[in-house]
Amino acid sequence: MPSFVVAPVHSIAPVVRRRPRGANGAKLAPASRVYLPALSVAGIAAVLVWVGWASHWGGANFAGSIASLRVVVSGPMTLGIVGVLLVVERVRPAQRRPIFARGYRQDLLYMVLNATLVVPLVIALTLSFSEVVHQAFPWIVLTRVGTVPRWAAIAAIFVAMDGLNWLAHLGNHRVRVLWRFHELHHSQEDMSVMTVFRTHPLIHVSYLIALLPGIVLVANGALPTTLLVLYGGVVAFAHSNTNLGFGLLGRVFVSPNYHRIHHKLDGPQDVNLGFALTIWDQLFGRAVFPTEATIRTETGLPGRPLVVEQAGDRPRHLSVFAAQLVAPFRPMDELANPPTLRTGTRWRGEMVDRTSHPSTPSVDRAGRGTAEEPVLG
Ligand SMILES: [Zn+2]
Ligand SMILES: [Zn+2]
């Protein structure tokens, strides 16, 4: 267990304050029981799945698409890449961690969740989104341009997809309802290659826009599954606990040392948002390149606004897992330590933290607040 993890037993449990009731004990409005904006994200996903199902997935092969995505998420090539990176992490770690660190075990649960339930959900969302776009904007699909070689179309799709992933990721950090889903990814204090799987299933709704280049250019080329596996491999590698900056290549491709700055425990988090390429961060002034000082930076969320497996005397993986997945729906007024959008801005070439902490209680790393003691519900 990392040396900084010292936590009281009770901090493992989700912090719940007793809900206020009306003067005569009447039930309060739904908004006091659930965070309604989060419900709207779930609603969009549900509507999309229903539309796709009702339209027979636009004639696409649902089962075949699931099989293809399973290859990307948990196929032999992906498992091979993950296996190699797990070894590289032991050989050249950025931070010393036990081989069975709590965070690793928790992220393994997310890996299983992705390989089983998330794959069909993402396929349903993907096929439905494509069908809705085709129906609403049929002119968006370009016809085959004979002079454009297929590899050029594939390269264009790849770069544009990476750019739109960057944009959606920026949205995850700027829009509070999206942050409440994305917060889970940033809560990891034991980064590893498996942290790439530590995402809320519903966050995929925000990344649907990255499908647009593939829809527009479908007649000219399509991303081969192998390229998608490699893309996933690069993103997974960026999360690994590896001290690697890629040298000059690190100016173009996202390295582990580069992405770890995005997961930094303190300071702005809307920097180094790139998935595979750093060019988007550089274009929009959001790139912070690694230095000796940033390589071993701690990761996670200050004050642990989201329950994490590192807190408490026992990890309690399954109950923490359930609490983490339910967390985005909990009303803000139930939270002792509300989620903070940590943003930065460039000032004379330096990235400056412009996060405001109007209501954040003073808390240390282990989540022990100096604010009022939480009441466990
Ligand atoms: Zn992020
Ligand atoms: Zn990440």
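Structure: above.
All of the points below concern the structure found in this document. Predicted model, so just to flag it, every value in this text is computed and none were measured.

The rules behind the values
- Residues numbered from 1 in each chain as written.
- Chains lettered and ligands numbered in written order.
- Predicted model: local features only at pLDDT ≥ 70, side-chain atom pairs only at ≥ 80, totals over all residues.
- Heavy atoms only, no water.
- Helix = DSSP H or I, 4+ residues; strand = E, 2+ residues; numbered from the N terminus.
- Buried < 20%, exposed > 50% of the residue type's maximum accessible area, 1.4 Å probe, protein only.
- Areas by Shrake-Rupley, 256 points an atom, 1.4 Å probe, with all protein chains shown as cover.
- Donors = N, O, S within 2.8 Å, 3.2 Å for Na, K, Ca; no water.
- Patch = residues over 30% accessible without salt bridge, like charges linked within 9 Å, V, L, I, M, F, W, Y side chains within 5 Å.
- Salt bridge = Lys/Arg side-chain N within 4 Å of Asp/Glu carboxyl O.
- Phe/Tyr/Trp six-rings, centres within 6.5 Å; stacked < 30°, edge-to-face > 60°.
- Lys NZ or Arg CZ within 6 Å of the ring centre and 35° of its normal.
- Tetrahedral: all angles 85-135°; square planar, octahedral: opposite > 155°, others 65-115°.
- Axes fitted to C-alpha atoms, helices over the stretch in contact; angles between N-to-C directions.
- Parallel < 35°, antiparallel > 145°, perpendicular 65-115°, else oblique.
- Left-handed = near helix turned anticlockwise from the far one by under 90°.
- Contact = heavy atoms within 4.5 Å.
- Nonpolar A, V, L, I, M, F, W, Y, C, P; charged D, E, K, R; others polar.

Counting its secondary structure elements, the protein contains twelve helices and two strands. Scanning the protein from its N terminus toward the C terminus, one meets helices and strands in the order α-α-α-α-α-α-α-α-α-α-α-α-β-β. The buried share of the protein, reckoned over its 377 residues, is 50%. Put simply, the protein shows about 17,600 Å² of open surface, and 68% of that area lies on carbon and sulfur atoms.

With distances of 2.1 to 2.2 Å, the protein atoms coordinating the zinc ion (ligand 1) are His169 (NE2), His173 (NE2), His182 (NE2), His186 (NE2) and His262 (NE2). Separating the zinc ion (ligand 1) and the zinc ion (ligand 2) is a distance of 5.5 Å. Taken together, the residues His173 in helix H5 (residues 150-174) and His186 in helix H6 (residues 176-186) connect sequence positions 13 residues apart. Residues His173 and His186 agree in their burial class; the two are buried.

Right, let's get into a nonpolar patch on the surface. Taken together, the side chains of Val159, Leu249, Val252, Phe253 and Ile279 make up a nonpolar region of the molecular surface, amounting to roughly 370 Å² of accessible area. Counting through the fold element by element, Val252 comes out in the loop between helix H8 (225-238) and helix H9 (256-262).

Let us now look at the packing of aromatic side chains. Within this structure, the stated rule accounts for nine aromatic pairs. Residues Phe158 and Tyr231 carry aromatic rings whose centres are separated by 5.3 Å and whose planes lie at 80° to one another, so their mutual orientation is edge-to-face. Here Phe158 is found in helix H5, whereas its partner Tyr231 is found in helix H8, with 73 residues between them in sequence. By relative accessible area, which is 19% here, Phe158 ends up buried. Above the ring of Tyr35, the side-chain terminus of Arg180 is found at 4.6 Å from the ring centroid.

Okay, the coordination of the zinc ion (ligand 2) next. For the zinc ion (ligand 2), the protein coordination sphere consists of His185 (NE2), His239 (NE2), His259 (NE2) and His263 (NE2), at 2.1 to 2.2 Å. Coordination geometry of the zinc ion (ligand 2): the four donor atoms subtend angles of 88 to 172° at the metal centre, consistent with an arrangement described as irregular. His185 sits in the buried class, given a relative accessible area of 6%. Under the relative-accessibility criterion, His259 is labelled buried at 3%.

Attention now moves to the packing of helix H3 (residues 76-91) against H8. Look at H3 against H8: their axes get within 10 Å of each other, and the N-to-C directions meet at 25°. Comparing the axis directions of H3 and H8 gives the class roughly parallel. The two elements H3 and H8 meet at a crossing, and its hand is right-handed. Residue-level contacts link Met77, Thr78, Ile81 and Leu85 of H3 to Thr226, Val229, Leu230, Gly233, Ala236 and Phe237 of H8. Along the lines of polarity and charge, the residues of the contact of H3 with H8 split into seven nonpolar, three polar and no charged.

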